[in-house]
Amino acid sequence: MSSLFGARLQKWLLLAPAIVVLSLISFIPFVKTLWLSFTDSEISALPTVVSFIGLENYLYALTDPDFLDSIGRTLYFTFTSVSAEVILGVGVALLLNQQFKGRTLVRALIILPWAIPTIVNAVTWRLIYNPDYGALNSLLTQLGIIGEYRSWLGDPDVAMNMIVLADVWKNFPLVAYVALAALQTVPSDMLNAARIEGAGALRRFYKITLPWIIGPLLVIIVLRSVEAFRVFDIIYVMTRGGPANQTKTASFYVYQEYFSYLRSGSGSAYAILVAVISIILIIGYYKAAKKQNNTL
Amino acid sequence: MENTIKRSAPMSCLLYLALTLLSIFVLAPVIWLLLMSVSSPNDLTSVPLKWIPSTWDFSRYATLLDWNNGSGKRFLAAMGNSLIIAATASFIALFSGVLAAYAFSRRNASLSLMFAFLATIMMPPITYILPLYSVFSDLGILNTKMALIISYCAMLIPFAVWLMKTNIDVLPVEIEQAALVEGAGTVYTLRKVVLPIVLPAIGATAMLSFLTAWDEFFYSLIFSSDLSSKTLPVAIADFSAGRVTDFGVIASVGVMASIPPVILAVFFQRFIVSGLVGGSVKG
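Bear in mind that the values here come from a model prediction, so they are computed numbers and not experimental data.

Engineer: How do you make sense of the overall build of chain B when you look at a structure like this?
Structural biologist: Check the secondary structure of chain B and you find 14 helices and 0 strands. The N-to-C order of helical and strand elements in chain B reads α-α-α-α-α-α-α-α-α-α-α-α-α-α. Relative to its length of 283 residues, chain B is extended, with a C-alpha radius of gyration of 24 Å against a globular reference of 19 Å. Dimensions of chain B along its principal axes, counting C-alpha atoms only, are 75 × 70 × 35 Å. In chain B, buried positions account for 47% of the 283 residues. The long-range fraction of contacts in chain B, counting pairs at least 24 apart against all pairs at least 6 apart in sequence, stands at 72%.

Engineer: Mind showing me how you'd approach the domain arrangement of chain B here?
Structural biologist: Quoted interface sizes are often the accessible area lost when the parts come together. All names here are of chain B. Domain boundaries assigned for chain B yield domain 1 (1-57) and domain 2 (60-280). Centre-to-centre separation of domain 1 and domain 2, based on C-alpha positions: 32 Å. Each partner contributes residues to the interface: domain 1 has 7 residues there, and domain 2 has 8 residues. Those elements that place two or more of their residues in the side of domain 1 that touches domain 2 are helix H1 (9-38) and helix H2 (41-44).

Engineer: I'm lost on helix H7 (residues 145-169) of chain B in this one. Help?
Structural biologist: Because the α-helix completes a turn every 3.6 residues, residues three or four places apart line up on one side. Its 25 residues give H7 of chain B an end-to-end C-alpha distance of 35 Å, which sits within 8% of 36 Å, the value for a rise of 1.5 Å per residue. With 22 of its 25 residues buried, H7 of chain B lies for the most part within the structure.

Engineer: Help me understand the interface of chain B and chain A in this model?
Structural biologist: At the junction of the two partners, chain B supplies 73 residues and chain A supplies 79 residues. At 12 residues, the largest contribution of residues to the side of chain B that touches chain A is made by H1 of chain B. Its residues assigned to classes, the side of chain B that touches chain A comprises 55 nonpolar, 15 polar and 3 charged.

Engineer: How should I be thinking about the packing of helix H4 (residues 70-106) of chain B against H7 of chain B in this particular structure?
Structural biologist: Geometry of a packed helix pair, given as the angle between the helix axes and the separation of the axes. Residue and element names in this part refer to chain B. The geometry of H4 relative to H7 is characterised by a closest axis approach of 6 Å and an angle of 40 degrees between their N-to-C directions. When the axis of H4 is compared with that of H7, the two are oblique. Read as a crossing pair, H4 and H7 show a hand that is right-handed. By residue class, the composition of the contact of H4 with H7 is 21 nonpolar, 6 polar and 3 charged.

Engineer: Would you mind going over the packing of helix H8 (residues 159-183) of chain A against helix H10 (residues 201-229) of chain A with me for this structure?
Structural biologist: All names here are of chain A. Two elements in contact, H8 and H10, have axes separated by 9 Å at closest approach and are oriented at 150 degrees. As H8 packs across H10, the resulting crossing turns out to be right-handed. Along its contact with H8, which presents Asn171, Leu174, Val175, Val178, Ala179, Ala182 and Leu183, the element H10 presents Thr209, Ile213, Pro216, Leu217, Ile220 and Arg224. When the residues that make up the contact of H8 with H10 are grouped by side-chain class, the tally is 10 nonpolar, 2 polar and 1 charged.

Engineer: Help me out: how do you make sense of unusual backbone geometry in this one?
Structural biologist: Note: most residues except glycine have negative phi, and most peptide bonds are trans. In this structure, the amide linkage connecting Gly242 of chain A to the following residue, Pro243 of chain A, adopts the cis form with an omega of -10 degrees. Counting through the fold element by element, Pro243 of chain A comes out in the loop between helix H11 (233-238) and helix H12 (250-259). The linkage connecting Val47 of chain B with the following residue, Pro48 of chain B, adopts the cis geometry, with an omega of -10 degrees. Position of Pro48 of chain B relative to the elements: it lies in the loop between H2 and helix H3 (59-64). In this model, Asn108 of chain B sits at a positive phi of 55 degrees, which is unusual for a non-glycine residue. If you trace the backbone, Asn108 of chain B turns up in the loop between H4 and helix H5 (111-122). Looking at Asn108 of chain B, the number of C-beta atoms within 10 Å reads 11, which means it is exposed. Phi at Asn143 of chain B takes a positive value of approximately 60 degrees, unusual for a residue other than glycine. With respect to the element layout, Asn143 of chain B can be found in the loop between helix H6 (129-139) and H7.

Engineer: Explain the nonpolar core here, please?
Structural biologist: What tends to happen in soluble globular proteins is that the nonpolar side chains get buried as a cluster. Among the nonpolar cores identified, the biggest contains 165 residues, and Val178 and Ala179 of chain A together with Ala89, Cys153, Leu156, Ile157 and Val161 of chain B are the most heavily contacted of them. Considering every element that reaches this core, the biggest residue donor is H8 of chain A, with 19 residues. Inspection of this core shows a minimum of three residues originating in each of domain 1 (1-57) and domain 2 (60-280) of chain B. Among all residues touching Ala89 of chain B, those that are not within four sequence positions of it are Ile149, Tyr152, Cys153, Leu156 and Ala213 of chain B.

Engineer: Looking at this model, I keep getting lost on the environment of Leu218 of chain A. Mind explaining?
Structural biologist: All names here are of chain A. For Leu218, the location among the structural elements is in helix H10. Residue class for Leu218 comes out buried when judged on the 21 C-beta atoms lying within 10 Å of it. Distance in space between the C-alpha atoms of Leu218 and Leu88 is 15 Å, their sequence separation being 130 residues.

Engineer: What exactly am I supposed to notice about H10 of chain A here?
Structural biologist: Here H10 of chain A spans only 34 Å end to end across 29 residues, well under the 42 Å set by a 1.5 Å rise per residue. Where H10 of chain A bends most, the angle comes to about 50 degrees, and this point is Ile214 of chain A, followed within four residues by the proline Pro216 of chain A.

Engineer: Explain the confidence of the model for chain B to me, please; I cannot follow it from the model alone.
Structural biologist: Any residue range with low pLDDT should be treated as having predicted coordinates unsuitable for detailed reading. All names here are of chain B. For chain B, mean pLDDT is 89; residues scoring 70 or higher make up 94% of the total. Of all the helices and strands in chain B, helix H14 (residues 269-277) carries the lowest mean pLDDT, 69, while helix H11 (residues 218-223) carries the highest, 96. Contacts from residues 279-283, a stretch scored under 50 in pLDDT, to residues over four places away or in other chains number 17 contacts. For this predicted complex, the interface confidence comes out at an ipTM of 0.91, alongside a pTM of 0.92.

Rules used in this analysis
- Residues numbered from 1 in each chain as written.
- Chains lettered and ligands numbered in written order.
- Predicted model: local features only at pLDDT ≥ 70, side-chain atom pairs only at ≥ 80, totals over all residues.
- Helix = DSSP H or I, 4+ residues; strand = E, 2+ residues; numbered from the N terminus.
- Rg over C-alpha atoms; globule rule 2.2 N^0.38 Å.
- Buried ≥ 20, exposed ≤ 12 C-beta atoms within 10 Å, placed from the backbone.
- Contact = placed C-beta atoms within 7 Å.
- Domains from an automatic or database assignment.
- Expected span 1.5 Å × (residues − 1).
- Nonpolar A, V, L, I, M, F, W, Y, C, P; charged D, E, K, R; others polar.
- Axes fitted to C-alpha atoms, helices over the stretch in contact; angles between N-to-C directions.
- Parallel < 35°, antiparallel > 145°, perpendicular 65-115°, else oblique.
- Left-handed = near helix turned anticlockwise from the far one by under 90°.
- Core = buried A, V, L, I, M, F, W, Y, C linked by C-beta atoms within 7 Å.
- Bend = angle between axes of the 7 residues up to and from the residue.
- pLDDT = per-residue confidence, 0-100.

Okay, structure coming up:
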């Protein structure tokens with residue numbers, strides 16, 4: 001009996017440091033944000049009276065077209081970036097899985113964009129897109145593709161896509177690495193047998209390769225989607241949400257509600273709604289992943 | 001799935017064409033960043049651009065590494081903060097992560113708790129930021145390295161627990177049992193039996209933790225306001241936000257900030273995949 005108690009005590013002692021840190025820095029703040037979302041609290045230097053206002057913030061948020069637009073833009077950013085990263089990443093993995101001279105070197109090279117810090121990536125692309133002296137304008141002019149310099153990040157119709165391009169450049173290597181590792185586990189005799197039976201390259205990919213690598217791919221898709229949905233840093237550096245709010249994503253929207261307008265109550269409601277969408281994303285992918293691969 | 005069948009000539013051409021395009025896509029922005037950092041301001045503001053600098057100018061790096069210079073001081077202080085904060089947070093996260101992972105792997109700690117841990121990093125940081133801000137403010141630790149170290153620990157621990165758990169799970173339990181039978185305590189077993197075997201996993205986890213902390217921007221932007229705790233990403237955002245008009249300075253700061261993570265990533269290349277997707281792929 002006492003040794004059983006000892007084992008349980010030991011278990012909780014081992015868990016203690018992690019539980020303490022996560023409770024103080026994650027669980028309790030989350031509950032506090034949840035509480036604030038039901039109040040009319042504001043950030044102020046003076047002590048203020050905070051009153052409970054029920055679902056009012058949520059009703060307001062769900063009918064606020066600006067907020068809903070920012071959610072739409074965030075979903076657009078998440079969907080386009082992650083799909084482009086997966087398509088490009090899997091393509092590159094298939095390429096790097098071939099035998100050719102210098103394969104080790106190319107494999108090492110493609111880790112570069114991923115290793116460069118997000119902020120440096122954002123700054124680099126902002127310089128490349130610069131309307132007056134940017135490399136993209138210069139290159140496209142010299143190639144004769146555009147007649148005059150354009151303001152890539154200043155044009156509401158293209159700004160978000162330019163940010164997506166910068167994000168894809170940085171993050172596709174990770175997908176490529178995961179896909180490449182998964183490809184190396186695909187049994188080659190299965191592929192050879194299919195080839196001998198006359199299955200074309202596309203058919204072999206869909207019938208054998210893709211089902212084999214989908215499990216690990218789904219894991220990385222979840223990670224990337226959750227990360228893309230909270231996008232803040234690259235937006236902050238490249239456009240600060242402009243032009244005409246066309247790149248203002250949900251995280252940026254909440255950030256402004258808190259720190260520009262100092263509305264902690266309604267800001268918290270927005271934050272909780274963003275969290276709820278993240279949770280839906282996570283659960284959706286988790287189920288998809290479980291269906292594909294029972295080991296997850 | 002090695003492709004051992006001989007390729008036809010057109011297929012070979014296509015393969016090398018694709019490889020060339022890939023290399024250009026990956027390298028062009030990096031090379032341009034390097035070139036900007038050593039080009040003269042005149043070259044960088046000519047229309048259309050001069051791609052190859054007319055003179056190679058390394059003075060910006062000298063300025064950045066000079067503590068007695070305004071931008072040098074800002075840069076070096078931020079670099080120091082980033083190093084201290086990322087290293088300390090990674091160390092604490094690994095320490096508590098290994099202990100918790102052992103409880104999950106070998107002491108039947110409930111998996112729902114593990115999912116609760118993971119759920120905390122799946123949430124967007126905007127759901128934590130305001131309560132953290134007011135608590136740090138009440139404690140008087142806003143704008144200190146301490147505030148960032150604590151926040152980063154919470155970001156890194158769930159990840160460290162998950163990675164270490166998948167690595168301890170696959171170890172044969174007999175070795176530990178043998179040690180326990182001979183009278184060794186749990187701490188001794190963990191330190192002398194388990195840790196040496198999972199050392200590569202610890203290295204990979206440490207690297208991924210360090211890179212994550214080095215990259216973090218949002219908490220640092222909100223919690224720190226001056227040289228005493230500002231990290232590199234925020235310093236770079238400052239540099240690029242108008243105070244500096246010379247693209248070359250911004251580029252050279254970017255190059256310097258990328259050196260430590262690039263070295264780590266190249267060195268630990270083969271651990272990245274196994275680190276990220278755990279047991280689902282043997283990278």
